[in-house]
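# What the coordinates show
Spelled out, the chains give:
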Amino acid sequence: MRLFAIVTAATCLLACSSESDRGPAPEARFQAVTSFDPKAYELAEGLTVHDGAAYVSLAPLGSIVRVGADGQRTPYASVPAGYDKGYALGIDFDTEGNLYVLAPRNVDDPAAPTPGIYKLPPGGGSATNPFATDPDMKFPNGIAFDSDGSLLVTDSATGKIFHVGSDGEVDTWSDAPELQGSTECQLPLPFPIGANGIVVTPQSVVVTNTSRGALIRIERQSDGSAGSVSTLVGDCQWGGLDGLAQDSDGSFVVAQNGA
């Protein structure tokens, strides 16, 4: 979860493809665009690209910075800072330029920030109260937009996927056992981190389970609800699977963290 530089290329530690022979992977080349100072709690976590710039959440500070192609950094938005009590994690923009920030509560402390999804208007600014929250939303971590503009959000503590409507209404989309955290792999995690990275397609929702080293696919019913669940990858050697993206050829690119 701690990345101290933005780079123009990314390594793929695990790629799942339906093609049986794709040849050797090309050598990854990296160029640092900007760097952050971990001693100043600038621990980069969420990352998204919007209108030609990168936006990064600095987890314990509750801040989101804009990084231009030239590497210049400017403050863009903020949610309540938690330091060791809560973080700013996954981030994404909708088609209208609103920024959504996932902010979990790390401890059961009334003084900690309210966990949930914070919404900031185009141009940024600050948000003090969540746009959407739920009693079971403890550690929202992964975020993806559905085709209708609603959100699907993973919760790493409760092992659930929440559906969030445009009005902020929250419903549980899936609480399949495969999404829940586990201690079987004996990973050095702060808690058994379950559902994490997420990709949404018209046919299915694919999610990483960090503590199980698993990649889970949930089929979508004709009405959009959750259907059958299958495990694409599930092995402790892949413990720490975190962020998830899908390439244009259908392959999944998965970041492996802390293994």
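## Brief notes about the nonpolar core
- Judged by nonpolar contacts, the single largest core of 15 residues is most densely connected at Y55, I64, L99, V101 and L120.
- Listed by contribution, the elements that provide at least two residues to this core are β5 (53–58), β7 (73–78), β8 (91–93), β9 (99–103) and β10 (116–120).
- If one sorts the elements of this core by residue count, β9 sits on top with three residues.
- Excluding anything up to four places from it in sequence, V101 contacts I64, V79, A88, G90, I91, G116, I117, Y118 and L120.
- Within the second largest apolar cluster, 14 residues are counted, among which are A144, I161, L179 and A214.

## So, the sheet that holds strand β6 (residues 63–67)
- Pairing is mixed across the open sheet formed by five strands, whose spatial order is β4-β5-β6-β7-β11. On the outer flanks of this sheet lie β4 (44–50) and β11 (125–126), each paired with one strand and no other.
- The sheet contact formed by β6 and β7 spans five bridges and is antiparallel. Paired with S63 across the strands is S78, a residue of β7.

## What about the state of the cysteines?
- Enumeration over the complete set of coordinates arrives at one disulfide.
- Covalent S-S linkage joins C185 and C236, the inter-sulfur distance amounting to 2.1 Å. Between C185 and C236, the S-S dihedral sits near -80°, and the bridge is therefore left-handed. Here C236 lies in the loop between β19 (226–234) and β20 (241–246) and C185 lies in the loop between β15 (170–174) and β16 (195–200), a separation of 51 residues in the sequence.
- Residue class for C185 comes out buried when judged on its relative accessible area of 15%.

## Let's talk about the pairing of strand β12 (residues 140–145)
- Most of β12 is tucked away, with five of its six residues classed as buried.
- Judged from the five bridges that link them, β12 and strand β13 (residues 151–155) form a sheet pairing that is antiparallel. Considered in β13, the bridge of P140 is made with D155.

## A closer look at the pattern of salt bridges
- Per the stated rule, a full pass over the model turns up three salt bridges.
- Residue E42 is joined to R73 by a salt bridge in which the shortest nitrogen-to-oxygen separation is 3.3 Å. Note that E42 is positioned in the loop between β3 (32–35) and β4 and R73 in strand β7, a separation of 31 residues in sequence.
- Take E42: its relative accessible area is 17%, and that puts it in the buried class.
- Two residues, R220 and D146, come together in a salt bridge whose shortest N-O distance is 2.4 Å. One end of the pair, R220, is in strand β18 (residues 214–220); the other, D146, is in the loop between β12 and β13, with 74 residues separating them in the sequence.
- Taking relative accessible area as the criterion, D146 reaches 13% and is therefore assigned buried.

Each value, and the rule that gives it
- Residues numbered from 1 in each chain as written.
- Predicted model: local features only at pLDDT ≥ 70, side-chain atom pairs only at ≥ 80, totals over all residues.
- Heavy atoms only, no water.
- Core = buried A, V, L, I, M, F, W, Y, C linked by side-chain atoms within 4.5 Å.
- Buried < 20%, exposed > 50% of the residue type's maximum accessible area, 1.4 Å probe, protein only.
- Helix = DSSP H or I, 4+ residues; strand = E, 2+ residues; numbered from the N terminus.
- Contact = heavy atoms within 4.5 Å.
- Pairing = 2+ DSSP bridges.
- Disulfide = S-S within 2.5 Å.
- Salt bridge = Lys/Arg side-chain N within 4 Å of Asp/Glu carboxyl O.

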